[in-house]
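# Remarks on the overall topology
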Amino acid sequence: MEYQEAKEKFISTWGSLGTLWGINKAMAQIQSLLFISTKALSMEEIMDELKISRGNTSMNLRQLMDWGIVTKELIPGERKEFFTTEKDVQELARHIAKERSRREIKPVIKILKDVSSIKDDGTAKTKELIKQTKALHDLAETADTMMNKIVNQEQNWITKSLLKLIK
């Protein structure tokens, strides 16, 4: 496989995998292009490379910056904006895990807490609702706490965390 074919295959695959970590295909493709690029890219370069519209590119770059995994880079003498991404895969995974917790897990934990805290009217259906939603709340909160501990480890957090689990 030559460079161009390998590059396209990586970008396409990463785009498909992006939906697993909570972002759309175009957003993941932009991030993957920046990830393998040897230099910061302009919006026009991203658009040309991925064959996507300016609006789509702009919206997805903004969201990637909101996630904290893409940043603007100033290039002296250039009027265009240039973008780059985190190159350290473990740091990238940390950013994604933190954002997923903030955007997805914490809101669910709050809802489960609210639902499991309803007034018990003594009926079997209310008791069951409280019991099951409290169990889900406790599980989600424990999982989120564990993930936060793993994410907040120093460098090589994945390796260190896995080794701690194995020991």
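Not measured: the values here are computed from a predicted model. (Residues numbered from 1 in each chain as written. Predicted model: local features only at pLDDT ≥ 70, side-chain atom pairs only at ≥ 80, totals over all residues. Heavy atoms only, no water.)

Here the focus is the UniProt feature "domain: HTH marR-type" (unreviewed entry) in the protein. What UniProt calls "domain: HTH marR-type" (unreviewed entry) maps, in this numbering, to residues 28-79. Between the C-alpha atoms that bound residues 28-79 the distance is 26 Å, and the span itself is 60% helix and 12% strand. (UniProt positions renumbered as here; feature names shortened; annotations may be inferred. Helix = DSSP H or I, 4+ residues; strand = E, 2+ residues; numbered from the N terminus.)

On to the packing of helix H2 (residues 25-36) against helix H4 (residues 54-67), then. Their axes nearest at 9 Å, the elements H2 and H4 cross at an angle of 75 degrees. As summarised for this structure, H2 and H4 are arranged roughly perpendicular, according to the angle between their axes. Only Asn56, Thr57, Asn60, Leu61, Gln63 and Leu64 of H4 make contact with H2, whose side of the interface consists of Ala26, Met27, Ile30, Gln31 and Leu34. Tallied by class, the residues present in the contact of H2 with H4 amount to 6 nonpolar, 5 polar and no charged. (Axes fitted to C-alpha atoms, helices over the stretch in contact; angles between N-to-C directions. Parallel < 35°, antiparallel > 145°, perpendicular 65-115°, else oblique. Contact = heavy atoms within 4.5 Å. Nonpolar A, V, L, I, M, F, W, Y, C, P; charged D, E, K, R; others polar.)

Moving on: helix H1 (residues 3-18). With 16 residues, H1 should cover 22 Å at 1.5 Å per step; its first-to-last C-alpha distance of 22 Å lies within 8% of that length. Among the residues making up H1, those that are buried are Lys7, Ile11, Gly15 and Gly18. Projected onto a plane normal to the axis of H1, the buried residues spread over an arc of 65 degrees and lie on a single side. Contacts made by the buried residues of H1 are with H2 and helix H3 (43-50). (Expected span 1.5 Å × (residues − 1). Buried < 20%, exposed > 50% of the residue type's maximum accessible area, 1.4 Å probe, protein only. Arc of directions from axis to C-beta.)

Pairing is antiparallel across the open sheet formed by 3 strands, whose spatial order is E1-E3-E2. Each end of this open sheet is capped by a strand with a single partner; those strands are strand E1 (41-42) and strand E2 (70-73). When E1 meets strand E3 (residues 82-85), the two strands line up antiparallel, connected through 2 bridges. In the sheet register, Ser42 faces E3, and the bridge partner there is Phe82. Sitting on the sheet, H2 touches E1, E2 and E3, and the angle it makes with E3 is about 85 degrees. (Pairing = 2+ DSSP bridges.)

Time to look at the side chain of Ser116. One can find Ser116 in helix H5 (residues 89-116). For Ser116, a relative accessible area of 12% translates into the label buried. Ignoring any residue separated from it by four or fewer positions in sequence, one finds Ser116 in contact with Ile130, Thr133 and Lys134.

Relative to the assigned elements, Glu49 resides in helix H3. Taking the relative accessible area as the measure of exposure, Glu49 reaches 34% and is therefore partly exposed. Taking the C-alpha atoms as reference, Glu49 lies 8.4 Å from Leu33; in sequence the two are 16 residues apart. In contact with Glu49, other than residues within four places in its own chain, are Gln4, Lys7 and Leu33.

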